[in-house]
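# Overview (structure and organization)
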Amino acid sequence: MKIKEANAGALTNFEVLDFLRSRGASKDPTRVIVSIAPSEFKVYDYLLESPACNQTKEQVNEFLTRCKSYKLAKAEVLNIINLRPSQLVEIVPMIEESEKRFGEKLEELVNLVVEVLPEPPKKAVPEEEKNEVEEDTVDGKNTDEDKTETANPEQIDEDQTETTNPEQIDEDQTEENEDGEQMETKGEKKNSLDMGVLDKREEVIQAWYMDDSDEDQRLPHHREPKEFVSLDKLAELGVLSWRLDADNYETDEELKKIREERGYSYMDFCEVCPEKLPNYEEKIKNFFEEHLHTDEEIRYCVAGSGYFDVRDHTDKWIRVWVKKGGMIVLPAGIYHRFTLDTDNYIKAMRLFVGDPIWTPFNRPHDHLPARKEYIENFLQKEGGGQAVDAAA
Ligand SMILES: CSCCC(=O)/C(O)=C/O
Ligand SMILES: [Fe+2]
Ligand code: NI
């Protein structure tokens, strides 16, 4: 993460801590190997004792999404995430005219904070200081009204279905993609509060590990507690994702660029619902049979939503929820399946390199070159975890 524009907006303490960790900051007492300045280590040590220490990107995203209905100011959201108020007396000083604006809903907001954001680390307070601390703070936490508790991050400068309207674009226009297909457009909004989520894709694409229940496939099937999977983790499995402007897909330059770079010359739409999809019941059943394709499966959700389930390195199911604006690429050879969610509707743009082949190869189909290549490229890579022999 590079901060290119100072004062572009404040980051949450969690983001600063995440950044420092990504650069190698750890509790390792020697602190000589990593290229972190002593002043940055001070920030790191401070943050380790703050609520940011136990937060995850998924939790912060969930909070950012769920607190939107309260129409809080950015500074208010920032303070809430950084300080994690767990009682009314703690949240009141963080919100301007809290009583007038929220009344009883303030309690709801506190409940949301407590539900979504984890408890901060317990401070080891020396006996003799205990009384003093209790006098100055509410519940052991500083609630100074004027203070926006951020770690001043600007200063860290570092360097087979029915189709409609099939379309074929000229394949010669396409170029080999070098890398960076996952990159966000440069010069966009830079911080989580502006974006509403830490990664704008995560507003329309979320992933989590599934439970083992046999209940209705259209239910979310979260584990208890929820175990979210980041989009970066999905990319390690070869699952790429973008957030695009689904209301303007005809003219969307970003989509055009992706299609050109990746050679997606073919395009059509697939609407999954009983009224629009012939042999609906049979198709729904087939989509949910675990299978692979010998080419990428590219789906861009332009309306509705649905679940694409993919297997991870250890053969566990990850559920990828794709909503309007979310586009994903499942690599050739990955075992996966698809189901509608309880809203029972999706309209997806299907893209393909050249003439489309939709054939699903139901598991097991491990002898196929596409499967072998997938294992080699994604499951046997360093840090890729235990590769799975699906034939077993
Ligand atoms: C939303 S597109 C229908 C699902 C599909 O085409 C497929 O291949 C799932 O694996
Ligand atoms: Fe598929
Ligand atoms: Ni398919």
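The following refers to the structure shown. Model, not experiment: these values are computed from the prediction. Each chain has its residues counted from 1, following the order in which its sequence is written. Labels follow written order: the first chain is A, the first ligand is 1, and so on. In keeping with the predicted nature of the model, local features appear solely for residues at pLDDT of at least 70, side-chain atom pairs appear and are counted solely at 80 or more, and the whole-chain, interface and lining totals rest on all residues. Where side-chain values are given, they derive from all heavy atoms of the structure, hydrogens and water being excluded.

## Things to note about helix 12 (residues 280–287)
The cut-offs for exposure are 20% and 50% of the maximum accessible area for each residue type, with area from a 1.4 Å probe on protein chains only; residues under the lower value are buried, those over the upper are exposed, and the others partly exposed. The secondary structure listing takes helices from DSSP runs of H or I that are at least 4 residues long and strands from runs of E that are at least 2 residues long, numbered from the N terminus. What helix 12 keeps buried is the set Tyr-280, Lys-283, Ile-284 and Phe-287. Looking down the long axis of helix 12, one finds its buried residues gathered within 100 degrees of arc, a one-sided arrangement. Across from the buried face of helix 12, at angles greater than 90 degrees, the exposed residues are Glu-281, Glu-282 and Lys-285. Contacts from the buried residues of helix 12 go to strand 5 (266–272), strand 6 (291–292) and strand 10 (336–340). In this description, one arc is meant: the one made by directions from the helix axis to the C-beta atoms. We call two residues in contact whenever any of their non-hydrogen atoms come within 4.5 Å of each other.

## Focus: the coordination of the iron ion (ligand 2)
Only nitrogen, oxygen and sulfur atoms qualify as donors, and only when within 2.8 Å of the metal (3.2 Å in the case of Na, K and Ca); with water excluded, sites may look incomplete. Those donors, His-291 (NE2), His-293 (NE2), Glu-297 (OE) and His-336 (NE2), are the protein atoms that reach the iron ion (ligand 2), and they lie 2.0 to 2.2 Å from it. Any site counts as irregular unless it has four donors with all angles between 85 and 135 degrees, making it tetrahedral, or four or six donors with opposite ones more than 155 degrees apart and the rest between 65 and 115, making it square planar or octahedral. For the iron ion (ligand 2), the six donor atoms in the first shell make angles of 68 to 166 degrees at the metal, a pattern classed as irregular. As a motif over one chain, the donors of the iron ion (ligand 2) read H-x1-H-x3-E-x38-H. Between the iron ion (ligand 2) and the nickel ion (ligand 3) the interatomic distance amounts to 2.8 Å, and His-293 serves as a bridging ligand to the pair. Of the two residues, Glu-297 is situated in strand 7 (residues 297–311) and His-336 in strand 10; the sequence distance between them amounts to 39 residues. Both residues of the pair, Glu-297 and His-336, count as buried.

## Some thoughts on the site of ligand 1
Being near a molecule or strand, for a residue, comes down to having at least one heavy atom within 4 Å of it. Close to ligand 1 lie Phe-287, His-291, His-293, Glu-297, Arg-299, His-336, Phe-338, Ile-346 and Ala-348. Here an oxygen atom of ligand 1 sits 2.9 Å away from a polar atom, N or O, in the side chain of Glu-297. Whenever a nitrogen or oxygen atom comes within 3.5 Å of another N or O atom, the pair is scored as a polar contact, on the condition that within protein one atom can donate a hydrogen and the other can accept it, and that pairs from neighbouring residues in sequence are kept only if both atoms are in side chains. Separating an oxygen atom of ligand 1 from a side-chain N or O atom of His-336 is a distance of 3.1 Å. Throughout, the Shrake-Rupley method with a 1.4 Å probe supplies accessible areas, and for residues the shown protein chains are the sole cover considered. In the complex, the protein chains occlude 97% of the 320 Å² of accessible area that ligand 1 would expose alone. The set of elements that each furnish at least two residues to the shell around ligand 1 consists of strand 7, strand 10 and strand 11 (346–352). The nonpolar class holds Ala, Val, Leu, Ile, Met, Phe, Trp, Tyr, Cys and Pro. Asp, Glu, Lys and Arg form the charged class, and all remaining residues, Gly among them, are polar. For the shell around ligand 1, the class distribution of residues is four nonpolar, three polar and two charged.

## Some details on the packing of helix 3 (residues 57–66) against helix 7 (residues 105–116)
Here, axes are lines fitted to C-alpha atoms. For helices the fit covers the stretch in contact, and angles between N-to-C directions go from 0 to 180 degrees. At a minimum axis distance of 10 Å, the contact between helix 3 and helix 7 shows a crossing angle of 160 degrees. The angle between helix 3 and helix 7 places the two elements in the roughly antiparallel class. For the element pair helix 3 and helix 7, the recorded crossing hand is right-handed. Contacts between helix 3 and helix 7 involve Gln-59, Glu-62, Phe-63 and Arg-66 from the first element and Leu-112, Val-113, Glu-115 and Val-116 from the second. Its residues assigned to classes, the contact of helix 3 with helix 7 shows four nonpolar, one polar and three charged. Orientation is classified from the angle alone, with under 35 degrees giving roughly parallel, over 145 giving roughly antiparallel, 65 to 115 giving roughly perpendicular, and any other angle giving oblique. For any pair of crossing helices, the crossing counts as left-handed if the nearer helix is rotated counterclockwise from the farther one by less than a right angle, and right-handed if it is rotated clockwise.

## As for the packing of aromatic side chains
Classification of ring pairs rests on two measures: the distance between centres of Phe, Tyr or Trp rings, Trp counted by its six-membered ring, which must be within 6.5 Å, and the angle between planes, read as stacked under 30 degrees, edge-to-face over 60 and tilted in between. The full count for this structure, using the stated rule, is twelve aromatic pairs. Measuring from centroid to centroid gives 6.1 Å for Trp-208 and Phe-228, while their planes differ by 85 degrees, and the two rings are edge-to-face. Linking Trp-208 in strand 2 (residues 205–209) with Phe-228 in strand 3 (residues 228–229), this pair joins segments that are 20 residues apart in sequence. In this structure Trp-208 comes out as buried when scored by relative accessible area, which is 1%. Judged by relative accessible area, which is 26%, Phe-228 ranks as partly exposed. With 6.0 Å between their ring centres and 65 degrees between their planes, Tyr-266 and Trp-358 make a pair best called edge-to-face. Placement of the pair is Tyr-266 in strand 5 and Trp-358 in the loop between strand 11 and strand 12 (361–362), with a sequence separation of 92 residues. Neither residue differs from the other here; Tyr-266 and Trp-358 are each classed as buried. Clustering of aromatic rings is evident, with ring pairs tying together Trp-208, Phe-228, Tyr-307 and Trp-321. For a ring to carry a charge above it, either NZ of a lysine or CZ of an arginine must fall within 6 Å of the ring centroid while also lying within 35 degrees of the normal to the ring plane. Sitting over the ring of Tyr-70, Lys-105 keeps its end group 5.3 Å from the ring centre. In this structure, Arg-350 is placed above the aromatic ring of Trp-358, and the distance from its NZ or CZ to the ring centre is 3.7 Å.

Everything listed here is a matter of geometry and, on its own, says nothing about what the molecule does.
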